[in-house]
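Residues per chain are reported as follows:
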Amino acid sequence: MTIEGTDELLHDALYNPLALFHVSGKTAVITGASGAYGRTIAIALASLGCNLLLASGSSDELAKVAKEASDAGGNVAVIQARPDTIDDASAIIGAAVASFGTPDMLIVASGLNLPAMIDDMVVEDWEAVMDANVRGPWLMAKAFSAAVGDQGRGKKVLFVSSVRGRLGNAVGYTAYCSSKGGVDALTRALAIEWGSRGITVNAIAPTVFRSSLTSWIFADDDRGRAARARNLSRIPLGRLGEPEDLVGVSVYLLSPASDFCTGQVHYIDGGYTAG
Ligand SMILES: NC(=O)c1ccc[n+]([C@@H]2O[C@H](COP(=O)([O-])OP(=O)(O)OC[C@H]3O[C@@H](n4cnc5c(N)ncnc54)[C@H](OP(=O)(O)O)[C@@H]3O)[C@@H](O)[C@H]2O)c1
């Protein structure tokens, strides 16, 4: 017995495996679109022929990313918004529906880190990290669900966790580690809740890759060199990441190739969590 729609998938797996990765014509919603990962996955999906709704808090950066994605071949619509409230999240999904119809993929690439030792951290900063990293994805998933209704089969949700969701080995990261542990748990709980609807929910969990959050680790100064050495001593593949390193696994998790994979946190970390 196979579930409706899987016969073609099983046939392609044997005789046309690259077809499993086709996402052309599908619609993706990306929050944090001006960030390093948001921009990168936007351009990559545009290159694959996706329609994109790009959401960002920064209008100037949003315009730049929209042009890059459009130049790469995607149909692009934008909204200046971050998923701070359910109204924001609904407006983001609503903008996608208005431009392209019901979205097929949700990618929550917005996130925040405010490192501080617990004794020095104010509660407002803890809340800001938790809001951006846990509440934002939860709100976006809720708004996505409302738009998708009973048309869920084959739809994809992708969150961005971190190796810090599993490992507590970064001083000053109590809020960030807690928030990414929350993303991991949300990924699993939502995958179970939505399994019968055929919606897959997964997360990628990178270690350090180049972005505004980590520019200090790439800096050519004593603090940067020490942080690089600390991280590299744990990375068997011998380098820090680039946002482009995340594209391959992301496309897999956003395409029919991953239709039987849900509730998983996928480490893209050069082997950081292997040891
Ligand atoms: N870089 C790393 O080494 C690393 C490692 C593991 C996990 N991650 C995760 O990867 C995701 C993407 O981060 P990135 O490294 O690409 O960093 P980034 O370039 O700083 O992008 C994050 C984006 O999130 C949005 N944002 C900023 N503050 C926010 C807030 N308070 N509430 C909601 N959104 C906010 C901004 O996008 P807009 O201005 O477009 O709204 C920002 O550009 C994050 O979840 C991060 O935790 C990063």
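So, here's what we can say about the structure. As the structure is a computational prediction, the values presented were derived from the model and not from experiment. (Residues numbered from 1 in each chain as written. Predicted model: local features only at pLDDT ≥ 70, side-chain atom pairs only at ≥ 80, totals over all residues.)

1. Digging into the site of the ligand
What counts here: To decide nearness, the C-beta atom of each residue is placed from the backbone, and the residue is near a molecule or strand if that atom lies within 6 Å of it. Where helices and strands are cited, they refer to DSSP runs of H or I of at least four residues and of E of at least two residues respectively, numbered from the N terminus. Under the grouping applied here, Gly and all other residues not named as nonpolar or charged are polar, the nonpolar ones being Ala, Val, Leu, Ile, Met, Phe, Trp, Tyr, Cys and Pro and the charged ones Asp, Glu, Lys and Arg.
With respect to spatial proximity, 29 residues lie near the ligand, and among them S34, G35, S56, G111 and S211 are the closest. Of all the secondary-structure elements, those providing two or more residues to the shell around the ligand are helix 2 (36–47) and helix 5 (123–148). For the shell around the ligand, a count of residues per class yields 12 nonpolar, 15 polar and 2 charged.

2. Observations regarding the nonpolar core
Note the cut-off: Buried Ala, Val, Leu, Ile, Met, Phe, Trp, Tyr and Cys residues form a nonpolar core when they are connected through C-beta atoms within 7 Å. For every residue, the other C-beta atoms within 10 Å of its own C-beta are counted; 20 or more classify it as buried, 12 or fewer as exposed, and values in between as partly exposed. C-beta atoms are placed from the backbone. Our contact criterion uses C-beta atoms placed from the backbone: two residues qualify when those atoms are within 7 Å.
Grouped together as the largest cluster of nonpolar side chains are 66 residues, with contacts concentrated most on V29, I30, A42, L45, L52, L54 and I107. Apart from residues no more than four positions distant in its own chain, V29 is found in contact with L53, I92, I93, A96, P103, M105, L106 and I107. Within the second largest apolar cluster, 6 residues are counted, among which are V129, A132, Y176 and C177.

3. Thoughts on helix 5
An α-helix turns once every 3.6 residues. As a result, residues three or four positions apart point the same way. Operational definition: Here a helix's expected span is defined as the number of its residues, less one, multiplied by 1.5 Å.
End to end, helix 5 covers 36 Å across 26 residues, agreeing with the expected 38 Å (1.5 Å per residue, within 8%). Positive phi appears at G149, one or two residues downstream of helix 5, with a value of about 55°.

4. Focus on the packing of helix 4 (residues 86–100) against helix 5
Basically, it comes down to this: The convention used is that axes are lines fitted to C-alpha atoms, helices contributing only their stretch in contact, and that angles between N-to-C directions extend from 0 to 180 degrees. An angle counts as roughly parallel when it lies under 35 degrees, as roughly antiparallel when it exceeds 145, as roughly perpendicular when it falls between 65 and 115, and as oblique in every other case. Crossings are assigned a handedness: left-handed for a near helix turned anticlockwise from the far helix by less than a right angle, right-handed for a clockwise turn.
Two numbers describe how helix 4 lies on helix 5: the axes approach to 8 Å, and their chain directions differ by 45°. Classed by the angle they form, the pair helix 4 and helix 5 counts as oblique. Our pair here, helix 4 against helix 5, has a crossing hand that is right-handed. Between helix 4, through I86, A89, S90, I92, I93 and V97, and helix 5, the contact on the second element is made entirely by L139, M140, K142, A143, F144 and A147. Counted by class, the contact of helix 4 with helix 5 contains 10 nonpolar, 1 polar and 1 charged residues.

Bear in mind that shape data such as this cannot, by itself, settle questions of function.
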